[in-house]
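Observations on the three-dimensional arrangement
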Amino acid sequence: MADQYAQFGEDKRLSEIPALRWEEPPEGPVLVLLDQTRLPAEEVELVCTDASALVEAIRSLAVRGAPLLGIAGAYGVALAAVRGFDVEEAATALAGARPTAVNLAVGVRRAQAAHRDALARTGDVRQAAQAALAAARTLHREDAEASARMAGHGLALLDELLPGGGHRVLTHCNSGSLVSGGEGTAFAVALAAHRAGRLRRLWVDETRPLLQGARLTAYEAARNDMAYTLLTDNAAGSLFAAGEVDAVLVGADRIAADGSVANKVGSYPLAVLARYHHVPFIVVAPVTTVDPDTPDGASIEVEQRPGYEVTEVTAPQVPVAGAGGGIPVAPLGTQAYNPAFDVTPPELVTAIVTEEGAVSPVTAEALAELCARSRQVTIS
C-alpha cells in the first residue's frame, strides 16, 4: 500500500527532497517517492510498502522518467523480497507497468537476477533479499554517476556545435533530477551550461497533456536559478522561425538498435522543426536506454494513455466533475488520441549523448559499438 508521508514548505530545497529513497523504519522497509503528480503546488511523499503500490505509482506517473523507473523497478523487486512477497510475481507486474520505458524492465531484471543467483547459491531467502537490495542500490549509484558524465559530454558537444556560448536551448517534457538518481539527462546538460555561464535561455515546452514541462521542468529550472521561459507546445515553430533556438535537448524512454528514439509525445515535431531550421537535435540518455533487442522505431510499443488526460485538466483545490478527476474541457463522450510517446527516426537526430560519449551521426553500427564498449567497462 501507499500512504501520504509528508508535506514540505516552500523553503525546502529540491536537493533535499530526493525523487526516491529506501528507508527502514521499525515497521519494515519502505520505498519513499516524491509524488510528481502534486508538483509544483505541493511537495508530498508517498510510502510504498509493496510492489503493487509501486506499480500504481508508476502508472499514475507519481514516479516517472526512464532512468528513475529503472531504479524504482529494482527497488520494487527488493521490497517484495525483503517483505516476503512473491518476487517473480512482483517483477512481472513491475516490468509491465509502462511498456515503452525500457529502463524499467532493465532495472527489474537486474535486481531479479541478483535475487535468483543468491537464492540458488545459498538457499537463504534473507541473503537473496539483501542481494536484490544491493543490486538496486548499485544501480542507483551508477545512474547518478552516469548523469554527471552525460552532462559533461553534452556540454562539450554544445560548445563544439555552438562555439562562443550564450546557448538558447529548447527542451521538452522533464529530464532533470526528478527522473534520475543524479541531476538528470537532457536537463543536466542545460544545467551544466548554466553553471558554466554558457546558457543564455532555457525554453521549456509546457508538454501537453500532463504539463510535465510547465509543472516539473520549470520547477527544477526555478530551483536552480536558471534563465527560463515557458511556452505552449504549438508555439515552438514560431520560436524557431524567429531564430531564437540554438539547440534542442531531449531525453529518451527507449532507443532502438537503429537509433530511432521514443520520447515524450511532441518530440518528433521538434526534430522536424530543428532539421528544417538547421538546429541541432540532441538526445541525452544512459546506455541502458538503448535496446538492442528492438530493431527499429516501428518495433517500439508506444503506450496509449487514458483519453481523460486530454479531455480534462486537473487543477489543485478546484471542484472536479470529470471521469478522471479533472475539469472537463471537451463535450461528454469525446474520444481522444493520447499516445504517451512518439518516435523520432535516426536521420533527424544530430547526436545521442550517453555516459560513454556521443554518437554522431546516429547509426546502428555506431550504437552497437557504444553498447559493446559500455559492456566492456562494466565487466572490467
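None of the values given here were measured: they were computed from a predicted structure.

Some points on the pairing of strand β6 (residues 199–205)
Side-chain positions along a regular strand alternate between the two faces of the sheet. Counting buried positions along β6 gives five out of seven residues, so the element sits mostly inside the fold. Looking at chain direction, strand β5 (residues 167–171) and β6 are connected through five bridges and run parallel. Bridged to L170 within β6 is W203. In this fold, the crossover linking β5 to β6 by way of helix α6 (residues 186–195) has right-handed handedness. Strand direction decides the pairing type here: β6 and strand β7 (residues 228–231), joined by four bridges, are parallel. Of the residues in β7, the one forming a bridge with V204 is L230.

Structural notes on the sheet that holds strand β12 (residues 290–291)
As summarised here, the arrangement of the four strands in space is β12-β9-β10-β15, forming an open sheet in which the pairing is mixed. Looking at which strands have only one partner, the edges of the open sheet turn out to be β12 and β15 (341–344). Across four bridges, strand β10 (residues 261–264) lies against β15 in antiparallel orientation. Of the residues in β15, the one forming a bridge with K264 is F341. Contacts between helix α9 (residues 267–276) and the sheet are confined to β10 and β15, with β15 contributing the most and set at about 30° to the helix.

Details of the pattern of salt bridges
Proximity of charged atoms lets side chains of opposite charge pair with each other. The full count for this structure, using the stated rule, is 16 salt bridges. With its nearest N and O atoms 2.7 Å apart, the salt bridge here joins R38 to E42. Salt bridges sharing partners connect three or more residues here, namely R98, E303, R305 and E309.

Quick look at the UniProt feature "active site" (unreviewed entry) in the protein
What UniProt calls "active site" (unreviewed entry) maps, in this numbering, to D253. Tracing the backbone shows D253 in the loop between β8 (247–250) and β9 (254–256). Overall, D253 belongs to the buried group, its relative accessible area being 9%. Excluding anything up to four places from it in sequence, D253 contacts A66, T100, A101, V102, N103, A262, N263, K264, T289 and F341.

A word on the sheet that holds β8
Read from one edge to the other, the open sheet built from seven strands follows the order β7-β6-β5-β8-β11-β16-β17, with strand pairing classed as mixed. Among the strands making up the open sheet, the edge pair consists of β7 and β17 (357–359). Direction aside, neighbouring strands of the sheet carry axes that sit 25° apart on average. Here β8 runs beside strand β11 (residues 281–284); their pairing, made up of three bridges, is parallel.

Regarding the UniProt feature "site: Transition state stabilizer" (unreviewed entry) in the protein
The UniProt feature table records "site: Transition state stabilizer" (unreviewed entry) at C173. Beyond its immediate stretch of four places on either side in the chain, C173 contacts R64, T207, Q212, G213, T217 and K264.

Definitions and cut-offs
Residues numbered from 1 in each chain as written. Predicted model: local features only at pLDDT ≥ 70, side-chain atom pairs only at ≥ 80, totals over all residues. Heavy atoms only, no water. Buried < 20%, exposed > 50% of the residue type's maximum accessible area, 1.4 Å probe, protein only. Helix = DSSP H or I, 4+ residues; strand = E, 2+ residues; numbered from the N terminus. Pairing = 2+ DSSP bridges. Right-handed = clockwise from strand over helix to strand, strands pointing away. Contact = heavy atoms within 4.5 Å. Axes fitted to C-alpha atoms, helices over the stretch in contact; angles between N-to-C directions. Salt bridge = Lys/Arg side-chain N within 4 Å of Asp/Glu carboxyl O. UniProt positions renumbered as here; feature names shortened; annotations may be inferred.

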